[in-house]
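Per-entry structural report
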Protein chains: 2
Amino acid sequence: MGTAVRVAVIGAGSAVFSLGLVKDICLTESLAGSQVSFMDINQERLEMIHKLAQRYARELGADLRFESTLNRRVAMQDADFVINTASVVGHHDSIAVKEVAEKHGYYYGRVDTGLYNLANMLFMMDVARDMEQICPNAWLIQSGNPVFEGSTLMTRETGLKVCGLCHGHYGYRDICDMIGIDWQKVTWQAPGLNHNIWLTHFFYEGKDAYPLIDEWIKSKGEEYWNTNVATRPLPDYRQGQWTPELERAWEIDLSRAAVHQYRMFGLMPIGDTPRGGGWWYHTGLAARKYWYGEPYGGQDTELSWPLYVENLERRIADIARLAQDPQASITKALGASKTREQQVPIIDGLVNDHEGQFQVNVPNHGALEGVADDVVVEVPALVNKKGIQPIHVGALPPKIMLEKILPNVLHMERELLALKTGDRSILLWHVLDTHPTQSYDQAVAVLEDTLAWPGNREMNEHFKWPANWR
Amino acid sequence: MGTAVRVAVIGAGSAVFSLGLVKDICLTESLAGSQVSFMDINQERLEMIHKLAQRYARELGADLRFESTLNRRVAMQDADFVINTASVVGHHDSIAVKEVAEKHGYYYGRVDTGLYNLANMLFMMDVARDMEQICPNAWLIQSGNPVFEGSTLMTRETGLKVCGLCHGHYGYRDICDMIGIDWQKVTWQAPGLNHNIWLTHFFYEGKDAYPLIDEWIKSKGEEYWNTNVATRPLPDYRQGQWTPELERAWEIDLSRAAVHQYRMFGLMPIGDTPRGGGWWYHTGLAARKYWYGEPYGGQDTELSWPLYVENLERRIADIARLAQDPQASITKALGASKTREQQVPIIDGLVNDHEGQFQVNVPNHGALEGVADDVVVEVPALVNKKGIQPIHVGALPPKIMLEKILPNVLHMERELLALKTGDRSILLWHVLDTHPTQSYDQAVAVLEDTLAWPGNREMNEHFKWPANWR
């Protein structure tokens with residue numbers, strides 16, 4: 001009837017993610033008998049997750065086994081799937097690094113040293129190398145950032161089957177909500193690179209729904225931009241809807257920035273895409289509020305990021321309380337419906353041939369025209385017993401390719417080259433290329449200070465100046 | 001013994017270029033009997049060139065015929081070669097446009113509206129379309145800027161044989177002079193894109209000469225950068241050495257900027273290459289002087305550019321005086337040795353099988369690895385009766401590809417897309433991408449004001465905002 005699998009979760013201390021995964025597995029009957037091995041370096045958190053998972057499965061009567069370990073190689077033993085959701089850069093670390101950048105004149109840490117990506121990619125490669133030894137035939141489901149760069153690196157450097165996942169593409173649903181149509185009646189497509197995807201197809205009940213976006217912009221845009229105040233994060237939290245939907249909280253899907261990108265590039269940017277978009281949206285809090293709306297100015301501002309981290313911590317505190325209360329109903333607290341995350345449905349598709357379409361990050365192999373075969377693209381794929389087979393989506397408009405996709409590919413290639421060679425001058429080039437950088441000396445100083453920050457010791461050792469540098 | 005050809009020169013009013021060409025043809029016996037048709041829109045200048053050419057040939061006893069016409073299609077009649085050296089943007093125009101940019105806060109016009117390139121490319125395509133009708137089998141020798149973008153465009157859009165030429169690569173000789181070796185004993189290679197070429201091979205008497213550069217930097221660099229004052233332009237001019245070598249005047253070949261680029265990217269940048277290099281060399285006159293040396297801060301500053309234009313005008317005045325003096329010896333004034341320009345030797349190679357190696361700009365077709373076949377690259381080529389055959393130079397180092405070559409290719413592709421679609425938002429994207437741009441509003445304002453400048457009327461009509469732009 002179904003297939004029992006063995007799943008290792010690296011970075012399982014990420015409570016919201018892990019419990020979402022537990023829910024989805026518990027609610028997928030065809031995975032009965034499966035085993036989940038949680039791994040994290042935070043023992044306390046790990047035990048908490050382990051116990052909650054057991055209680056949840058018991059309450060639902062689900063036939064699942066759970067393990068936990070501090071040793072990632074132990075978790076990988078006999079794994080069919082390894083889900084890597086870990087980040088070696090914590091939320092508080094990232095705030096500390098922002099402060100270093102701010103001292104050098106960068107608004108809220110907006111300087112591209114690449115170190116967040118690079119540190120995580122070094123870690124991803126460690127995980128991947130372990131998998132090559134321990135479970136070379138397992139699928140690696142990369143669920144932590146940087147999905148694009150990391151998945152490209154791992155598929156190039158190893159023989160592993162890698163699939164990167166993100167949930168940013170669900171942003172199309174927020175657009176549906178905004179323009180007043182039911183997303184369940186919508187068909188859509190938004191290919192590109194992770195965090196850089198563009199709505200090529202958008203049909204409502206079979207008809208092109210782009211005119212509905214245009215109509216919204218024309219008739220409601222100005223009023224919305226002038227009066228809307230984002231309110232979701234706290235209410236969402238209070239309602240206990242703590243599936244990982246905090247991203248939706250900032251209401252940027254039809255912000256001035258998103259609509260401006262639609263005008264500049266010709267298609268709607270989806271999910272995390274409008275969040276970047278161009279340096280000019282991010283010159284300061286006032287600009288951010290103008291482009292992304294009141295009161296937070298979107299994600300990644302000094303107002304919203306601490307709130308995001310705080311909300312995460314409150315969720316974790318909630319979970320901890322739940323874990324400490326032996327009388328509490330976990331089912332009641334977590335709900336008994338599946339999340340919208342794709343990990344478990346993809347596993348189910350692969351092992352049980354329960355075919356579905358998913359938005360995945362896999363090597364291109366021609367799916368998105370104009371991108372090299374060995375670059376990981378975000379495209380829809382058909383998932384079934386045959387594997388994860390990307391769907392050929394054709395080409396994005398040339399303007400998007402030349403202004404958004406291909407520059408992003410080059411950026412990725414430079415990061416991979418930097419990682420491989422340990423050449424510090426490539427990091428410097430990215431800092432110089434950071435638009436707000438005002439002088440060469442500023443670039444050198446912010447890079448050196450960021451590398452000197454204690455949390456970056458490993459990076460500081462990895463990256464050296466070229467031999468002829470003075 | 002030789003082959004008589006018919007050469008059309010578009011933009012022949014460029015006196016220095018045209019008289020250099022006349023010298024070279026007169027001094028190439030195997031082209032005896034050839035005919036040169038000068039075309040320009042400046043009748044007075046055209047007649048002057050025509051007469052000087054006739055007198056020069058007569059003095060040398062060269063068997064050549066000359067014509068002049070205001071009609072480019074007449075000049076092309078029966079042409080074997082069309083040399084396009086024209087620019088539709090004059091030196092004074094470019095100063096006026098710089099002033100518009102300066103009003104918006106850009107140092108000496110350093111804002112990338114692309115309009116100089118775009119206007120010249122529209123013109124190049126007019127010339128190319130005429131050639132397709134009148135002399136479709138002729139070689140088009142593109143000698144005016146933008147060589148890279150324009151040659152790529154014309155080879156894609158027409159069936160013409162196009163070869164772009166520049167003399168920037170001779171910068172390797174200035175490096176030889178600086179480090180005290182005889183360039184005639186040097187073998188070298190510097191492929192890339194026009195104005196973006198990198199010294200991959202550099203041998204002196206058969207031995208790697210890079211260590212000599214390193215030694216110069218180590219032992220003499222600091223002193224040179226701290227004390228050198230560029231002096232060449234006026235002496236060069238006074239000595240009547242008015243072959244087109246003014247580019248050498250600014251002594252930037254081993255400037256701090258050039259050496260810094262060598263450190264950042266791993267190979268020496270040659271000729272016009274160090275002139276760009278990165279926004280941080282160009283933040284103002286003080287930065288320019290630091291990176292490119294005293295007293296001018298290299299080319300393209302408020303000190304050097306007017307001097308360059310003034311020197312050109314003085315040369316032209318000299319030429320006019322020469323033309324008006326029926327007793328003067330043209331041979332004595334112009335000299336009787338060949339210039340270092342490649343146009344005539346290439347013609348001679350093609351028609352007389354006098355084989356030679358030249359630095360050309362032709363569609364890549366695999367010569368430079370990692371660049372698409374239909375992009376024009378600057379590479380050495382063997383020229384003989386078989387044609388202009390680029391030499392496979394292998395790959396440039398990955399850092400140069402990812403930081404210098406491929407971003408330049410994307411920039412070219414965006415310019416070509418802008419030209420084709422007339423999409424003004426692509427121009428805006430380049431202005432936003434101009435590093436010193438401080439805000440979105442500044443970008444829009446400088447673009448609109450530059451387009452509104454009377455000399456840009458055609459461009460202002462060509463470029464429209466996308467349909468959904470407000």
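Residues numbered from 1 in each chain as written. Chains lettered and ligands numbered in written order. Predicted model: local features only at pLDDT ≥ 70, side-chain atom pairs only at ≥ 80, totals over all residues. Heavy atoms only, no water.

1. Points about the overall build of chain A
Let me state the cut-off plainly: We count a stretch as a helix when DSSP gives it H or I for four or more residues in a row; a strand needs E for two or more, and each element gets its number in order from the N terminus. For the radius of gyration, the atoms used are the C-alpha atoms, and the globule rule reads 2.2 Å times the number of residues raised to 0.38. Throughout, exposure labels follow a simple rule: accessible area from a 1.4 Å probe, protein chains only, divided by the maximum for the residue type, with under 20% read as buried, over 50% as exposed, and the rest as partly exposed. Pairs of residues are marked as contacts when any of their non-hydrogen atoms sit within 4.5 Å. Note that accessible areas follow from Shrake-Rupley with a 1.4 Å probe, and for residues the cover is restricted to the protein chains shown. Just so you know, the count uses Lys and Arg for positive and Asp and Glu for negative, and it drops His and the chain ends. Think of each charge as sitting on NZ of Lys, CZ of Arg, CG of Asp or CD of Glu.
Each helix and strand in chain A was counted, giving 18 helices and 14 strands. The C-alpha radius of gyration computed for chain A amounts to 22 Å, which stays within 12% of the reference 23 Å derived for 470 residues, consistent with globular compactness. Across its three principal directions, the C-alpha atoms of chain A cover 60 × 60 × 45 Å. When each of the 470 residues of chain A is scored for burial, the buried share is 61%. In chain A, the share of contacts with a sequence separation of at least 24, taken over all contacts with a separation of at least 6, comes to 72%. Summed over all atoms, the accessible surface of chain A reaches about 18,500 Å², with 50% contributed by carbon and sulfur. In chain A, 44 positive and 59 negative side-chain charges are present, and the distance between their average locations comes to 2 Å.

2. Points about the interface of chain B and chain A
Going by this rule: The quantity reported as buried area is the accessible area (1.4 Å probe) lost by two parts once they are put together, taken as the sum for both. Put simply, a salt bridge is a Lys or Arg side-chain nitrogen that is within 4 Å of an Asp or Glu carboxyl oxygen. Within 3.5 Å is the distance limit for a polar contact, defined as a pair of N or O atoms, with the added protein rule that one can donate a hydrogen and the other accept it, and that residues adjacent in sequence qualify only through two side-chain atoms. Three categories are distinguished: nonpolar for Ala, Val, Leu, Ile, Met, Phe, Trp, Tyr, Cys and Pro, charged for Asp, Glu, Lys and Arg, and polar for the others, with Gly belonging to the last.
Taken together, the contacts link 37 residues of chain B with 37 residues of chain A. Both sides of the chain B and chain A interface together cover about 3,400 Å² of buried area, and 63% of this is carbon and sulfur. The largest share of the area that chain B buries against chain A comes from Arg263(B), Leu402(B) and Trp429(B), three residues that together contribute 20% of it. Run the count over chain B and chain A and you get two salt bridges. Scanning the region where chain B abuts chain A turns up 17 residue pairs in polar contact (both at pLDDT 80 or more). Looking at the side of chain B that touches chain A, the elements with two or more residues in it are helix 10 (256–265), helix 15 (398–421) and helix 16 (424–433) of chain B. No other element matches the ten residues that helix 15 of chain B contributes to the side of chain B that touches chain A. The residue makeup of the side of chain B that touches chain A, split by class, is 19 nonpolar, nine polar and nine charged.

3. Examining the relation of the copies chain B and chain A
Copy one and copy two of the chain differ by a rotation about a common axis and a shift along it. Worth spelling out the cut-off: In this comparison the copies share one frame, found by least squares on the C-alpha atoms of residues holding pLDDT of at least 70 in both.
Expressed as a screw operation, the relation of chain B to chain A combines 0.0 Å of axial shift with a rotation of 180 degrees, fitting to an RMSD of 0.0 Å. The transformation just described matches what one would write down for a two-fold rotation axis. Scanning chain B for the C-alpha nearest the rotation axis identifies His435(B), at a separation of 2.9 Å. Most of the interface of chain B is mirrored in chain A: 100% of its interface residues are interface residues there too.

4. Remarks on the packing of aromatic side chains
Our working rule: Each Phe, Tyr or Trp ring, with Trp reduced to its six-membered ring, pairs with another whose centre is within 6.5 Å; inter-plane angles below 30 degrees give stacked pairs, above 60 give edge-to-face pairs, and intermediate values give tilted ones. A ring is considered to have a charge above it if a Lys NZ or an Arg CZ atom is located within 6 Å of its centre and within 35 degrees of its normal.
For the coordinates displayed, the defined rule picks out 35 aromatic pairs over all chains. On the numbers, 4.3 Å between centres and 15 degrees between planes, the contact of Tyr172(B) with Trp188(B) is stacked. Of this pair, Tyr172(B) sits in helix 7 (residues 171–179) while Trp188(B) sits in strand 7 (residues 186–189); the two residues are 16 residues apart in sequence, bridging distant segments of the chain. Look at Trp250(B) and Tyr296(B): their rings are 5.0 Å apart centre to centre, the planes differ by 90 degrees, and that puts the pair in the edge-to-face class. Taken together, the positions of Trp250(B) in the loop between helix 9 (233–238) and helix 10 and Tyr296(B) in the loop between helix 11 (285–292) and helix 12 (304–324) put the pair 46 residues apart, joining distant regions of the chain. Here Trp250(B) matches Tyr296(B) in class, with each residue buried. Ring pairs connect the aromatic residues Trp279(A), Trp280(A), Tyr281(A), Tyr290(A), Trp291(A), Tyr292(A) and Tyr440(B), which therefore count as one cluster. Stacked on the ring of Trp305(A), the Lys or Arg Lys98(A) has its end atom at 5.5 Å from the ring centre. We note Arg173(A) situated over the ring of Trp183(A); from NZ or CZ to the ring centre the distance is 3.6 Å.

5. Some points on the sheet that holds strand 7 (residues 186–189) of chain A
Filter applied, for reference: By definition, two strands form a pair when at least two bridges between them are found by DSSP.
Pairing in this open sheet of three strands is antiparallel, and the strands run 7-10-11 (chain A) from one edge to the other. Strands with a single pairing partner mark the edges of an open sheet, and in this sheet they are strand 7 and strand 11 (207–208) of chain A.

6. Some words on helix 10 of chain B
Residues three or four positions apart in an α-helix share a direction because the helix packs 3.6 residues into each turn. Counting buried positions over the ten residues of helix 10 of chain B gives ten, a clear majority of the element. Among the residues of helix 10 of chain B, Arg256(B), Ala257(B), Ala258(B), Val259(B), His260(B), Gln261(B), Tyr262(B), Arg263(B), Met264(B) and Phe265(B) are the ones counted as buried. Those residues of helix 10 of chain B that are buried lie in contact with helix 16 (424–433) and helix 17 (440–452) of chain A together with helix 8 (210–227), helix 11 and helix 15 of chain B. Remark: Gly266(B) follows helix 10 of chain B within two positions and exhibits a positive phi of approximately 100 degrees.

7. Regarding the pattern of salt bridges
Side chains that differ in charge, positive against negative, can pair when their charged atoms come close. By the definition in use, this model includes 30 salt bridges over all chains. The partner of Glu157(A) in a salt bridge is Arg129(A), and the shortest N-O contact between them spans 3.9 Å. Note that Glu157(A) is positioned in helix 6 (residues 147–157) and Arg129(A) in helix 5 (residues 115–134), a separation of 28 residues in sequence. Residues Asp130(B) and Arg72(B) are paired through a salt bridge, measuring 2.8 Å at the closest nitrogen-oxygen approach. With Asp130(B) in helix 5 (residues 115–134) and Arg72(B) in helix 3 (residues 72–76), this pair connects stretches of sequence that are 58 residues apart. In this structure, Asp130(B) and Arg72(B) share a single accessibility class: buried.

8. A closer look at the layout of surface pockets
Condition: Each cavity reported here is a set of points on a 1 Å grid over the protein atoms alone in which a 1.4 Å probe fits but cannot get out, each pocket an open set with protein on both sides within 12 Å along at least five of seven lines, and each lining residue one with an atom within 4 Å of a point. Grid points are joined across faces, edges and corners, and a volume is the space filled by probe spheres set on the points.
In this structure, the second largest pocket encloses a volume near 1,100 Å³. In terms of lining, the second largest pocket is formed by 45 residues, of which the most central are Leu406(A), Ala372(B), Leu406(B), Val409(B) and Leu410(B). Among the secondary structure elements, those contributing two or more residues to the lining of the second largest pocket are helix 6 and helix 15 (398–421) of chain A together with helix 5, helix 6 (147–157) and helix 15 of chain B. Take the lining of the second largest pocket: its biggest share by element is eleven residues, from helix 15 of chain B. By residue class, the composition of the lining of the second largest pocket is 30 nonpolar, two polar and 13 charged.

9. Quick notes on the nonpolar core
General note: in soluble globular proteins, nonpolar side chains tend to be found buried as a group. What counts is decided by this rule: What makes a nonpolar core is a set of buried Ala, Val, Leu, Ile, Met, Phe, Trp, Tyr and Cys residues whose side-chain atoms join them at distances within 4.5 Å.
In this structure, Phe202(A), Ile213(A), Met268(A), Phe202(B), Ile213(B) and Met268(B) are the most contacted members of the largest nonpolar core, which totals 225 residues. With residues near it in sequence (within four places) discarded, Met268(B) still touches Ile175(B), Ile197(B), Trp198(B), Leu199(B), Tyr210(B), Ile213(B), Asp253(B), Leu254(B), Ala258(B) and Tyr262(B).

10. Examining the packing of helix 8 of chain B against helix 10 of chain B
Residue and element names in this part refer to chain B. This is how it is decided: To obtain an axis, a line is fitted to C-alpha atoms, over the contacting stretch when the element is a helix, and the angle between two such axes runs from 0 to 180 degrees between their N-to-C directions. Small angles under 35 degrees read as roughly parallel and large ones over 145 as roughly antiparallel, with 65 to 115 read as roughly perpendicular and the rest as oblique. Handedness of each helix crossing follows the sense of rotation of the near helix against the far helix: counterclockwise by less than a right angle gives left-handed, clockwise gives right-handed.
Direction vectors running N to C along helix 8 and helix 10 enclose 140 degrees, while the axes themselves pass 11 Å from each other. On the basis of their axis angle, the class for helix 8 and helix 10 is oblique. Seen from above, helix 8 lies across helix 10 with left-handed handedness. Judged by residue contacts, Tyr-210, Ile-213, Asp-214, Ile-217, Glu-222, Trp-225 and Asn-226 of helix 8 engage Arg-256, Val-259, Tyr-262 and Arg-263 from helix 10. When grouped by side-chain class, the residues that make up the contact of helix 8 with helix 10 number six nonpolar, one polar and four charged.

11. Some details on the sheet that holds strand 10 (residues 201–204) of chain B
Across a sheet, strands are paired by hydrogen bonds formed along the backbone, either parallel or antiparallel in direction. Strand order in this open sheet of three strands is 7-10-11 (chain B), and the pairing throughout is antiparallel. The sheet is open, and its two edges are formed by strand 7 and strand 11 (207–208) of chain B, each paired on a single side.

12. Quick notes on the confidence of the model for chain A
Residue and element names in this part refer to chain A. The line we're drawing: Confidence scores per residue from the predictor, reported as pLDDT, run from 0 to 100.
Taken as a whole, chain A shows an average pLDDT of 93; of its residues, 96% reach a score of 70 or greater. Taken together, the stretch residues 234–245 has pLDDT below 50 and engages in 25 contacts with residues farther than four places along the chain or on a different chain. Interface scoring of the predicted complex returns ipTM 0.95; its pTM is 0.96.

13. Quick word on unusual backbone geometry
With an omega of -5 degrees, the peptide bond running from Asn145(B) to Pro146(B) counts as cis. Of note, the phi angle at His195(A) is positive, near 70 degrees, even though the residue is not glycine. Along the chain, the position of His195(A) falls in the loop between strand 8 (192–193) and strand 9 (196–197).

14. Overview of the pairing of strand 2 (residues 35–39) of chain B
All names here are of chain B. Quick note on the threshold: We call a crossover right-handed when, viewed with the strands running away from us, the connection from the first strand over the helix to the second turns clockwise.
Where burial is concerned, most of strand 2 is hidden: five out of the five residues are buried. Side chains Gln-35, Ser-37 and Met-39 project from strand 2 onto one buried face, and the interleaved Val-36 and Phe-38 project onto a second face that is buried too. As paired strands, strand 1 (residues 6–10) and strand 2 are joined by five bridges and run parallel to one another. Looking at strand 2, one finds that Val-9 is bridged to Phe-38. Regarding topology, helix 1 (residues 15–26) serves as the crossover connection from strand 1 to the parallel strand 2, and that connection is right-handed. Where strand 2 lies against strand 3 (residues 65–69), five bridges are found, and the strand directions are parallel. Following the sheet pairing, Gln-35 is matched in strand 3 by Arg-65. Viewed along the sheet, the connection from strand 2 through helix 2 (residues 43–60) into strand 3 turns out right-handed.

15. Things to note about the side chain of Arg173(B)
Residue and element names in this part refer to chain B. By the element assignment, Arg-173 lies in helix 7. Classification of Arg-173 by relative accessible area gives buried; the value is 16%. At a separation of 3.2 Å, a polar atom in the side chain of Arg-173 contacts the side chain of Tyr-172.

16. Here's the deal with the environment of Pro295(B)
Residue and element names in this part refer to chain B. Of note, Pro-295 is situated in the loop between helix 11 and helix 12. Sequence separation between Pro-295 and Ala-230 is 65 residues; the distance between their C-alpha atoms is 6.4 Å. Excluding residues that lie within four positions of it along the chain, Pro-295 makes contacts with Val-229, Ala-230, Lys-289 and Leu-303.

17. Thoughts on the side chain of Gln35(B)
Residues and elements named next belong to chain B. Examined against the element boundaries, Gln-35 turns out to sit in strand 2. On the basis of relative accessibility, which here comes to 8%, the residue Gln-35 falls in the buried class. Of note is the side chain of Gln-35, whose polar atom sits 2.9 Å from the side chain of Arg-65.

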